Amino acid sequence: MEPEKREELQKEQAPEETVLSGPETMRETCLHAISDLAAAETWLEDRAREGWQFTGTRRWRAEFRKAEPCVCRYRLQPLGRKKEVLSPERLEVYESLGWQYVTVLDGLFHVWRCEDPNAPELDTDPVVQAEGYRYLKRRIIRSLAGEAVLLVVLVALYVWWWGAASHTPLLAALEKLPGRLLLGQIWLILVLVLDVREALGMRRLLRTLTAGVPLSRPRSYRCQQWLQRIAVALAFLLLVVYPFLDRQYSYREDFHGWDAQEPDGTFKPGVVYWDLTRTETLEEELWFWDAQTKFHELAARMDYARVYGALADHRTTAATTTYYHMRTEGLAEALYKELLEDFDGSWNWEPVETVPTEELDDFRWTAWTQAHTQEVGRDQLRLQYAVVRQGNRVLAVEYQGTADLRDQESYLAELLNA
């Protein structure tokens, strides 16, 4: 037969090659089910059926190479010591049984792969298999102890920062970006849940094997996988995103709100602010200087607004309003007390005065001392500060004008109920 015809015949008889399209590699967060080998093995087997063959790990991510979808078995065997190297004899015996060595998973397990459904299992005696977990058990105990110490330190720092380090912890929490406090608590609880699951899972695994009961496969791993993904996402938000937004989110660092001004400079509908035209006769129109609004896990709505006005004698009147619609009345009472603490006993301010009220639940007032007012040259426009509360709503007004805030009970109540 001529060489050219022989080559054509060989091409016709050769099996068609499957062309793999798309990305050739994939990375996925490792399934850290140290105490649940069957779940980790099922995870790798599912990826093989989807056409992804496990090749190794890099830091905390597993690497896969695109291959023909196939049904195979993965088995994980714990390392007997740190950085254990397999002996050539063990490799030879396992390969003769149909098992191919893959790599070390996350520095904890030797990974074996087999496509022969008739090949025997690597571990046939659960009691002997349990003996191989001594090093891994010690490592898990050290790891959980270290994480427990770290969590205790983080909680202690958290409590100190919001309590001892700040004499107004609730106000400090409200000044942070929305969601940070809540997400931090969820992340902390989630880490504790994962650690407890790991400890209880290892105990259950060793008891099962010691009792002579083999591992049951396949085993669900979706819950563990999603818990890990959520924990990683929350850690990224808390450690990367929020610190960045703290610097970029708002030019007013003690509020962190969204801009609440219209294109023409006026405030958007619903913003609570002190309208100087209600208490002053202005020479010009009211100046809408700044307005921000936001929601918070502790407050349904918060508004910050600042306005100015010019009087006939060329003096300037101003008012800064901060409005809080708290989630509960208890939170409103705590915030009400904190808003007054900065002025209680301050040398520039008069002692805080309790104003009798019929329309409000609480009304406190203070003002610059007359001596300090004269020093700054504003003897007739003394700076005043009032904090009022009704139910779960709190309003703080810093005002400089001709009116006395103690006589504005009805207007303050109107603003609270806006």
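Residues numbered from 1 in each chain as written. Predicted model: local features only at pLDDT ≥ 70, side-chain atom pairs only at ≥ 80, totals over all residues. Heavy atoms only, no water.

**What to know about the overall build of the protein chain**
Moving on, step 1. Secondary structure summary: the protein chain contains 11 helices and 14 strands in total.
Moving on, step 2. Of the contacts formed within the protein chain by residues at least 6 apart in sequence, a portion of 64% connects residues at least 24 apart.
Moving on, step 3. Entry remark: accessible area of the protein chain is about 23600 Å², with carbon and sulfur atoms responsible for 55%. (Helix = DSSP H or I, 4+ residues; strand = E, 2+ residues; numbered from the N terminus. Contact = heavy atoms within 4.5 Å. Areas by Shrake-Rupley, 256 points an atom, 1.4 Å probe, with all protein chains shown as cover.)

**Remarks on the pattern of salt bridges**
Moving on, step 1. Scanning all chains against the criterion turns up 23 salt bridges.
Moving on, step 2. The salt bridge involving Glu121 is made with Arg75; its shortest N-O contact spans 2.8 Å. Taken as a pair, Glu121 in the loop between β6 (109–114) and α4 (126–131) and Arg75 in strand β4 (residues 73–78) lie far apart in primary sequence, 46 residues in all.
Moving on, step 3. On the basis of relative accessible area, Arg75 is assigned to the buried category, the value being 7%.
Moving on, step 4. One network of salt bridges, with partners in common, ties together Glu41, Glu45, Arg73, Arg75, Glu121 and Arg217. (Salt bridge = Lys/Arg side-chain N within 4 Å of Asp/Glu carboxyl O. Buried < 20%, exposed > 50% of the residue type's maximum accessible area, 1.4 Å probe, protein only.)

**Considering the pairing of strand β14 (residues 393–400)**
Moving on, step 1. The buried fraction of β14 is high, at six of eight residues.
Moving on, step 2. Examined bridge by bridge, strand β10 (residues 316–326) and β14 share eight bridges and lie antiparallel to one another. Along β14, the bridge assignment pairs Thr321 with Val397.
Moving on, step 3. Pairing between strand β13 (residues 383–390) and β14: eight bridges, direction antiparallel. Residue pairing across strands places Arg389 opposite Val394, the latter belonging to β14. (Pairing = 2+ DSSP bridges.)

**Things to note about a positive patch on the surface**
Moving on, step 1. Together, Lys82, Lys83, Arg138, Arg139 and Arg142 make up a positively charged patch on the protein surface.
Moving on, step 2. Tracing the sequence through the fold places Arg142 in helix α5 (residues 134–164). (Patch = residues over 30% accessible without salt bridge, like charges linked within 9 Å, V, L, I, M, F, W, Y side chains within 5 Å. Lys, Arg positive; Asp, Glu negative; His and termini not counted. Charge placed at Lys NZ, Arg CZ, Asp CG, Glu CD.)

**Overview of the environment of Leu182**
Moving on, step 1. Positionally, Leu182 belongs in helix α7 (residues 180–210).
Moving on, step 2. Along the backbone, Leu182 and His296 are 114 residues apart, and their C-alpha atoms lie at a distance of 9.4 Å.

**Things to note about the sheet that holds strand β5 (residues 100–105)**
As a general point, the strands of a sheet are linked pairwise by backbone hydrogen bonds and lie either parallel or antiparallel.
Moving on, step 1. Spatially, three strands are ordered β4-β6-β5 in an open sheet, and the strand pairing comes out antiparallel. This sheet does not close on itself; its edge strands, each paired only once, are β4 and β5. Strand-to-strand twist of the sheet, defined as the mean angle between neighbouring strand axes without regard to direction, takes the value 25°.
Moving on, step 2. The sheet contact formed by β5 and β6 spans five bridges and is antiparallel. Its bridge partner being in β6, Thr103 is matched across the sheet by Val111.
Moving on, step 3. The sheet strands contacting helix α2 (residues 37–49) are β4 and β6, and the helix crosses β4 at an angle near 145°.
Moving on, step 4. Sheet strands in contact with helix α3 (residues 88–96) are β4, β5 and β6, and its direction is about 30° off that of β6. (Axes fitted to C-alpha atoms, helices over the stretch in contact; angles between N-to-C directions.)

**Section: α7**
Moving on, step 1. Here α7 contains 31 residues, and its C-alpha end-to-end distance of 45 Å stays within 8% of the 45 Å for a straight helix at 1.5 Å per residue.
Moving on, step 2. Where α7 is concerned, the buried positions are Leu181, Leu183, Leu190, Val191, Leu194, Asp195, Glu198, Gly201, Met202, Leu205, Leu206 and Leu209.
Moving on, step 3. Looking at the residues trailing α7, positive phi occurs at Gly212, about 85°. (Expected span 1.5 Å × (residues − 1).)

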